[in-house]
Amino acid sequence: MDEQKAGNREEDNNQKKYAFFPGCLIPIRLPLFEKLSRDFVTNLGVELIDMDFTCCPNYNIRDRNRFLWLVAAARNLAIAERGKLDILTLCGECTQTLKAANELLKDKILLLKVNKELEKINVQYNGTVKIKHILELFYESKEKLTGFVKKPLEALKVSTHTGCHLLRPSAMLKFDDAENPKKLDELSSILGCQVIDYSTKTLCCGVAVFADYKDSVLESVKEKINDIRADALIVGCATCFLQYNKAQLILKTDLPVLHYIQLLGLANGFSLEEIGYNSINRIKNKAFEEKLNITVP
Amino acid sequence: MTRINFEFRKKVLEEIPELKKCFQCGTCVSSCYAEKYIGSYSPRKKILGALYGDKEVLSKELWKCATCNACDERCPQGVNPYEVLTKLKNIAVRENICPESFREKSDIIIETGYAFLIDEKVNNNRKALGLKEIKPKESLRFVKNG
Ligand code: SF4
Ligand code: SF4
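These numbers were taken from a predicted model, which means no experiment stands behind them.

## Concerning the overall build of chain B
Logical step 1: Counting secondary structure elements, chain B contains eight helices and zero strands.
Logical step 2: Helices (α) and strands (β) of chain B occur, in sequence order from the N terminus, as α-α-α-α-α-α-α-α.
Logical step 3: For 146 residues, the compact-globule estimate of 2.2 N^0.38 gives 15 Å, and chain B exceeds it by more than 25% at 19 Å.
Logical step 4: Each of the three principal axes of chain B carries a C-alpha extent, and together these read 60 × 30 × 25 Å.
Logical step 5: Contacts spanning at least 24 positions in sequence make up 64% of the contacts within chain B whose residues lie at least 6 apart.
Logical step 6: Element-wise, carbon and sulfur atoms account for 49% of the exposed surface of chain B, whose accessible area totals about 7800 Å².
Logical step 7: Distance between charge centres in chain B, computed from 27 positive and 20 negative side chains, equals 3 Å.

This is the structure:
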């Protein structure tokens, strides 16, 4: 494990080094997103350190036993703390879990209880780690991000869906305005896109209940897709990415869904093939593909 | 008519004291994904049921929640209905009331450290991209006794 020298982590706003928390879904199901994320973040001049993290853990553990969920999350936080690093996340769920656990652990009595469990594996958490999602890092680095744009996507109209687990509860996550999120819009317009607002922007993708209530969830996805007047939907969460691809395959609608990291790739000059459009994306759309080749004078 | 189960009521209020803050305004219901799309699901009524000590609130229905957190966001009383429902799920699981595949999903995490199984294909895909191999981890086994 990489041990950074003790020191000014707290004061340094322009941190150059993070404990990298890719989660489960992205490394296992969407490794290309991990690859693109690592490359872009490194190109921002940020160093990523891999650590012995486990699943954040997700809501399946939280639903089973909230205390164990907190202990397991605290273990991850403690590992980063031991390396004197803050955490950079890729996934919505990880971000929510770690940020929420971190907030809950401000309760000293609860922290004491959790640390008693962590004693079993010789780690302790003192509550000093901060968690940042990759979109937050991009948002802070807007100027540098502009430098990545080699092929402005000026003909492309997009709408955005940030993802519930990045937005809510905003008092804990402090990511964006939960009722009217704008950061992903701004990050998309930096890449040249025209951003189109829509009314169901904060509607959940429904993935957690998709297996058991398929028709209901399809209904909600249809409502959202029909509401969007753009060439593509840009999402901030990998789970939502998979869900909107999968659901549309059943609905037979054809709004391309791209993760922001893919959009950034396109603006940086990557081909559709290179951002996984042919391998990962299930929804293809000719009009969208053609728009990528139009340069606005 | 709901019969108050005082024993259950006491237990629930001990574990979830924030229930008492709910003034039954229904903001959570009007924000709720499950109520709107799946139907017959009201966080407000679950909270009322719990306050009454009605054991019927412990049902598989709790898993209609899409975890969208809109209720937590909007509740004017800081009840955090999503968290309350999670705590009710915890009690339901202890009483063995939960969807069938539920334990399996969380077992995988505790056993392997990951939410999904890792097979050879996963690592072949990673290798092709120049990413490091990943392996199941035993690091979470210490939380097993849950
Ligand atoms: S939980 Fe909050 S939003 Fe829901 S009824 Fe009670 S006070 Fe209102
Ligand atoms: S988190 Fe669950 S209960 Fe709360 S609004 Fe969303 S679906 Fe409804």
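## Remarks on the domain arrangement of chain A
All names here are of chain A.
Logical step 1: We note that the domain assignment places domain 1 (12-135) and domain 2 (142-291) within chain A.
Logical step 2: Placing a centre on the C-alpha atoms of domain 1 and another on those of domain 2 gives a separation of 24 Å.
Logical step 3: Buried surface at the junction of domain 1 and domain 2, summed over both partners, amounts to about 2500 Å²; 78% is from carbon and sulfur atoms.
Logical step 4: Together, F33, F40 and L135 form the three largest contributors to the area buried by domain 1 at its contact with domain 2, with a combined 29%.
Logical step 5: If you look at where domain 1 meets domain 2, you find one salt bridge.
Logical step 6: Close ionic contact of E103 with K174 constitutes a salt bridge, the shortest N to O distance being 3.6 Å.
Logical step 7: Connecting domain 1 to domain 2 are four residue pairs in polar contact (both at pLDDT 80 or more).
Logical step 8: Listed by contribution, the elements that provide at least two residues to the side of domain 1 that touches domain 2 are α1 (25-29), α2 (31-43), α5 (92-104) and α7 (134-140).
Logical step 9: Considering only residue class, the side of domain 1 that touches domain 2 consists of 13 nonpolar, six polar and three charged.

## Points about the sheet that holds strand β3 (residues 86-89) of chain A
Residues and elements named next belong to chain A.
Logical step 1: The strand order across the open sheet formed by four strands is β2-β1-β3-β4, and the pairing between neighbours is parallel. Each edge of the open sheet is held by one strand with a lone partner, namely β2 (47-50) and β4 (131-133). With strand direction ignored, the average angle separating the axes of adjacent strands in the sheet is 40°.
Logical step 2: Pairing between strand β1 (residues 17-21) and β3: four bridges, direction parallel. What sits directly across from F20, in β3, is L88.

## Quick word on the site of ligand 2
Residues and elements named next belong to chain B.
Logical step 1: Around ligand 2 lies a shell of 13 residues, among which C32, C65, C68, N69 and C71 are the nearest.
Logical step 2: For the shell around ligand 2, the elements supplying multiple residues, two or more each, are α3 (33-38) and α6 (81-94).
Logical step 3: Taken together, the residues of the shell around ligand 2 break down into eleven nonpolar, two polar and no charged.

## Observations regarding the nonpolar core
One broad rule of soluble globular proteins: the nonpolar side chains tend to lie buried together.
Logical step 1: Among the nonpolar cores identified, the biggest contains 109 residues, and A:F138 and A:Y260 are the most heavily contacted of them.
Logical step 2: Looking at this core element by element, the count peaks at seven residues for α6(B).
Logical step 3: Ignoring any residue separated from it by four or fewer positions in sequence, one finds A:Y260 in contact with A:L135, A:F138, A:L145, A:L184, A:L187, A:S188, A:L191, A:I234 and A:V235.
Logical step 4: Membership of the second largest hydrophobic core comes to 49 residues, among which are A:F53, A:L77, A:M172 and B:I109.

## Some remarks on the interface of chain B and chain A
Logical step 1: Facing the 49 residues of chain B at the interface are 57 residues of chain A.
Logical step 2: The three residues of chain B that bury the most area against chain A are B:Y37, B:F116 and B:F142, which together make up 15% of that side's buried surface.
Logical step 3: Linking chain B with chain A are nine salt bridges, by the criterion used here.
Logical step 4: Linking chain B with chain A are 22 residue pairs in polar contact (both at pLDDT 80 or more), by the criterion used here.

## Thoughts on the domain arrangement of chain B
Buried accessible area, meaning the area lost when the parts come together, often serves as the stated size of an interface.
Logical step 1: As far as domains go, chain B holds domain 1 (6-94) and domain 2 (99-146).
Logical step 2: Using C-alpha coordinates to define each centre, domain 1 of chain B is positioned 31 Å away from domain 2 of chain B.

## Remarks on the packing of helix α4 (residues 43-52) of chain B against α6(B)
All names here are of chain B.
Logical step 1: Running from N to C, α4 and α6 cross one another at 55°; their axes reach a closest spacing of 10 Å. Classed by the angle they form, the pair α4 and α6 counts as oblique. Crossing of α4 over α6 shows left-handed handedness. Facing α4, whose interface residues are P43, K46, I47 and A50, α6 presents P81, V84, L85 and L88.
Logical step 2: Of the residues assigned to the contact of α4 with α6, the class counts are seven nonpolar, no polar and one charged.

## Examining the site of ligand 1
Logical step 1: Near ligand 1 there are 14 residues, and of these B:C22, B:C25, B:G26, B:C28 and B:C75 occur at the shortest range.
Logical step 2: Sorting the residues of the shell around ligand 1 by element identifies α2 (27-30) and α4 of chain B as the ones contributing at least two each.

## Comments concerning the packing of helix α4 (residues 66-82) of chain A against α5(A)
Residue and element names in this part refer to chain A.
Logical step 1: Across the interface, α4 lies against α5 with an axial gap of 9 Å and an inter-helix angle of 100°. In this view, α4 runs roughly perpendicular relative to α5, as classed from their interaxial angle. Taken together, the residues of α5 that come into contact with α4 (itself represented by R66, W69, L70, A73, N76 and L77) are T97, L98, A100, A101, N102 and L104.
Logical step 2: Among the residues forming the contact of α4 with α5, the class breakdown is eight nonpolar, three polar and one charged.

Criteria and thresholds
Residue indices begin from 1 for each chain and proceed along its sequence in written order. Chain A is the first chain written and ligand 1 is the first ligand written, with later ones labelled in order. Local features in a predicted model are, by the rule used here, given only for residues with pLDDT of at least 70; side-chain atom pairs are given and counted only at 80 or more, and totals for whole chains, interfaces and linings are based on all residues. The side-chain values count all of the structure's non-hydrogen atoms but skip hydrogen atoms and water molecules. In this text, helices come from DSSP runs of H or I with a minimum length of four residues, and strands from runs of E with a minimum of two, each type numbered from the N-terminal end. With C-alpha atoms as the basis for the radius of gyration, the globule rule is written as 2.2 Å multiplied by the number of residues raised to the power 0.38. Contact criterion: two residues are considered in contact whenever any of their non-hydrogen atoms come within 4.5 Å of each other. Areas reported here follow the Shrake-Rupley algorithm with a probe of radius 1.4 Å; residue values treat only the protein chains shown as occluding. His residues and chain termini do not enter the charge count, which takes Lys and Arg as positive and Asp and Glu as negative. A charge is said to be at NZ when it belongs to Lys, at CZ for Arg, at CG for Asp and at CD for Glu. An automatic or database domain assignment supplies the residue ranges for each domain. Defined in terms of a 1.4 Å probe, buried area is the accessible area two parts forfeit on being brought together, summed over both. Put simply, a salt bridge is a Lys or Arg side-chain nitrogen that is within 4 Å of an Asp or Glu carboxyl oxygen. Polar contact is defined as a pair of N or O atoms within 3.5 Å, subject to the rule that within protein one atom must be able to donate a hydrogen and the other to accept it, and that residues adjacent in sequence are counted only when both atoms are side-chain atoms. Residue polarity is assigned by list, with Asp, Glu, Lys and Arg as charged and Ala, Val, Leu, Ile, Met, Phe, Trp, Tyr, Cys and Pro as nonpolar; anything else, Gly included, falls into the polar class. Criterion used throughout: strands pair if DSSP finds at least two bridges between them. The angle between two axes is taken between their N-to-C directions and runs from 0 to 180 degrees, where each axis is a line fitted to C-alpha atoms and a helix contributes only its stretch in contact. In this text, near means that some heavy atom of the residue lies within 4 Å of the molecule or strand in question. Residues belong to one nonpolar core when they are buried, are Ala, Val, Leu, Ile, Met, Phe, Trp, Tyr or Cys, and are joined through side-chain atoms within 4.5 Å. For each residue, the accessible area found with a 1.4 Å probe, counting protein chains only, is set against the maximum for its type, and the residue is called buried under 20%, exposed over 50%, and partly exposed in between. Roughly parallel here means an angle under 35 degrees, roughly antiparallel means over 145, roughly perpendicular means 65 to 115, and every remaining angle is called oblique. Note on convention: the crossing is left-handed when the near helix lies turned anticlockwise from the far helix by less than a right angle, right-handed when the turn is clockwise.

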